[in-house]
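Architecture and fold: a report
Here's the letter readout for the chains.
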Amino acid sequence: VAVAILAASCNGKKKAALKAAETPYENPVIKHNCADPTILDNRERDGYFYLASTQTGGRGSLTNVPVYRSKDLLNWEFLGDAVKGKPEWISRDRRAAFWAPDLNYVDGKYILYYAKGVWGDGGRSASGVAISNSPAGPYTDLGMIVDSASTGVRNSIDPNFFQDTDGKKYLFWGSLGPGSGIWGVQLSDDGLKVREGFKPVYLGATNMEGTYVHKRGDWYYIFTSKGSCCEGERSTYRVLVARSKNVLGPYTSPEGKPLTDDDYEYVIMHGSPDFTFVGP
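Residues numbered from 1 in each chain as written. Predicted model: local features only at pLDDT ≥ 70, side-chain atom pairs only at ≥ 80, totals over all residues. Heavy atoms only, no water.

1. Points about the state of the cysteines
In plain terms, the rule: Here, two cysteine sulfur atoms that lie within 2.5 Å of each other are counted as a disulfide. With a 1.4 Å probe rolled over the protein chains alone, any residue whose accessible area is under 20% of its type maximum counts as buried; one over 50% counts as exposed, and the rest are partly exposed.
With the rule as written, the count across this model stands at one disulfide. Between the sulfur atoms of C229 and its disulfide mate C230 the distance is 2.2 Å. Between C229 and C230, the S-S dihedral sits near -85°, and the bridge is therefore left-handed. Its relative accessible area of 51% is what places C230 among the exposed residues.

Written out as structure tokens, the structure is:
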């Protein structure tokens, strides 16, 4: 009898799990303008994932980096702005907005890298950094970390932080257009500024942006977006990947094609033919 009850209990749990797994959900999981999302897995500290995205006007008074949290990556709770008010170095440029944040937990602090975006003007675009004791913020802005004047890289947006297994910290960034492309640099030990004397390294062609770096085994993988991002159904954005045995490259395809070539096309994700998903 005990065995029969246990079997029934297990079968019941199995059926419940299968039913839960088959329960449909709707895309988008966040029904507001939520471009360039970054997700931090903070579960070991408080049980949540945190998401931040590009500045949006989709919630009325919301003007800066919106932050959400979730326990399952499907149901998201809106928490508010990461940064309260625009920092002076951004607000003095009326056309500037917060773009493409990158949220990280570094040495006991939460560090938010973000782009100061000025549409159509790569010379005025840049990236900044802010810090907080909480993933939800508020974040204290520490100002610019890379821009055209300090690095020689136009359109210095889309920052991505990476900490290697040896503890060294790096920033990858860059975007579309002449004088830009994908670049990397080593950061100071606290990750809040470029390491003194370190020169940026050119890693990807000038028709790419939106960089993320990930290490698996002995390989470093760099993911970038290529194409047009913002033309509705005509958007040609797709996601590319290249790899290297060194964190600062050179990055190539498995066949040895350099990521710095304009015609690099090792694509792992593209829009669906039926336009359900456009411009990934």
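Back to the write-up after that little detour.
2. Thoughts on the side chain of N64
The line we're drawing: Secondary structure elements follow DSSP: runs of H or I of four or more residues count as helices, runs of E of two or more count as strands, with numbering from the N terminus. In protein, a polar contact means a hydrogen-donor-capable atom and an acceptor-capable atom, both N or O and within 3.5 Å, with residues adjacent in sequence counting only if both atoms are side-chain atoms; elsewhere, any N or O pair within 3.5 Å suffices.
In this structure, N64 sits in the loop between β2 (49–52) and β3 (66–70). Judged by relative accessible area, N64 falls into the buried class, the value being 0%. Polar contacts involving the side chain of N64 include one to the main-chain carbonyl oxygen of V83, which spans 2.8 Å.

3. Side note on the layout of surface pockets
Keep this limit in mind: Cavities and pockets are defined on a 1 Å grid built over the protein atoms alone: a cavity is a set of grid points where a 1.4 Å probe fits but cannot escape, while a pocket is an open set with protein on both sides within 12 Å along at least five of seven lines, and lining residues are those with an atom within 4 Å of any such point. Grid points are joined across faces, edges and corners, and a volume is the space filled by probe spheres set on the points. Just so you know the grouping, Ala, Val, Leu, Ile, Met, Phe, Trp, Tyr, Cys and Pro go in nonpolar, Asp, Glu, Lys and Arg go in charged, and all remaining residues, Gly too, go in polar.
Roughly 210 Å³ of volume is contained in the second largest pocket. As for the second largest pocket, its lining consists of D102, N104, N160, F161, F162, Q163, Y212, V213, H214 and K215. Every element with two or more residues in the lining of the second largest pocket is listed here: β5 (97–106), β9 (160–163) and β13 (208–216). A class-by-class count of the residues in the lining of the second largest pocket yields four nonpolar, four polar and two charged.

4. So, the nonpolar core
The following threshold applies: As used here, the term nonpolar core means buried Ala, Val, Leu, Ile, Met, Phe, Trp, Tyr and Cys residues forming a set that is joined through side-chain atoms within 4.5 Å. We call two residues in contact whenever any of their non-hydrogen atoms come within 4.5 Å of each other.
A82 and Y139 are the most contacted members of the largest nonpolar core, which totals 20 residues. Every element with two or more residues in this core is listed here: β2, α3 (88–91), β5, β6 (109–117) and β7 (126–132). Once residues within four sequence positions are removed from consideration, A82 is found in contact with V65, V67, L112, A136, G137, P138 and Y139. Counting 17 residues, the second-largest nonpolar core is a separate cluster that includes F162, L203, I222 and V247.

5. Topic: the pairing of strand β11 (residues 181–186)
For clarity, the threshold we go by: Two strands qualify as a pair provided DSSP detects at least 2 bridges between them.
In terms of residue burial, β11 counts as a mostly covered element, since six of its six residues are buried. Taken together, strand β10 (residues 169–175) and the strand that follows it, β11, pair antiparallel across an intervening segment of five residues, in which G177 is found at a positive phi of about 110°. Relative to strand β12 (residues 201–204), β11 runs antiparallel, the two being bridged by three bridges. Bridging across to β12, I182 finds its partner in G204.

6. Some words on the pairing of β10
Taken across its seven residues, β10 has seven buried, putting it largely inside the fold. Judged by which residues are buried, β10 turns out to be covered on both faces: K169, L171, W173 and S175 on one side and Y170, F172 and G174 on the other are all buried. In this structure, β9 lies alongside β10, joined through four bridges in antiparallel fashion. What sits directly across from N160, in β10, is F172.

7. What to know about the sheet that holds strand β15 (residues 238–244)
Applied cut-off: Only the contacting stretch of a helix is used when fitting its axis, a line to C-alpha atoms as for every element, and angles between N-to-C directions run 0 to 180 degrees.
Read from one edge to the other, the open sheet built from four strands follows the order β13-β14-β15-β16, with strand pairing classed as antiparallel. Across the chains shown, the open sheet's two edge strands, defined by having one partner strand only, are β13 and β16 (267–270). Each strand axis lies, on average, 20° off the axis of its neighbour in the sheet, ignoring direction.

8. Overview of the packing of aromatic side chains
Rules: Centres within 6.5 Å are what make two rings of Phe, Tyr or Trp a pair, Trp counting through its six-membered ring; a difference in plane orientation under 30 degrees is then read as stacked, over 60 as edge-to-face, and the rest as tilted. Two limits define a charge over a ring: the Lys NZ or Arg CZ must be within 6 Å of the ring centre, and within 35 degrees of the ring normal.
If you walk through the whole model with that rule in mind, you get nine aromatic pairs. Summarising the aromatic geometry, the rings of Y113 and F161 are spaced 5.5 Å apart at their centres and angled 10° between planes, so their arrangement reads as stacked. Separated by 48 residues along the polypeptide, Y113 in strand β6 and F161 in strand β9 bring together distant segments of the chain. In terms of burial, Y113 and F161 fall into one category: buried. One aromatic cluster is present, formed by W89, F98 and Y114 through successive ring pairs. When the ring centre of W219 is taken as reference, the NZ or CZ atom of R243 above it lies at 3.9 Å. The ring of W219 carries K245 above its face, with NZ or CZ at 4.5 Å from the centroid.

9. Some remarks on a nonpolar patch on the surface
The line we're drawing: Two distance rules govern patches: like charges are joined within 9 Å, and nonpolar side chains (Val, Leu, Ile, Met, Phe, Trp, Tyr) within 5 Å, applied only to residues with over 30% relative accessible area and no salt bridge. Note that accessible areas follow from Shrake-Rupley with a 1.4 Å probe, and for residues the cover is restricted to the protein chains shown. A pair is scored as a salt bridge if a Lys or Arg side-chain nitrogen falls within 4 Å of a carboxyl oxygen belonging to Asp or Glu.
Taken together, Y25, V29 and L74 make up a surface patch of nonpolar side chains, about 260 Å² in accessible area. Looking at where V29 falls in the secondary structure, it is placed in the loop between α1 (2–22) and β1 (38–41).

10. What to know about the sheet that holds β7
On the basis of which strands lie adjacent, the open sheet formed by four strands has the order β5-β6-β7-β8 and antiparallel pairing. Looking at which strands have only one partner, the edges of the open sheet turn out to be β5 and β8 (140–147). Each strand axis lies, on average, 25° off the axis of its neighbour in the sheet, ignoring direction. As judged from the seven bridges shared by β6 and β7, these two strands associate in the antiparallel manner. Looking at the pairing, K116 lines up with A126 of β7.

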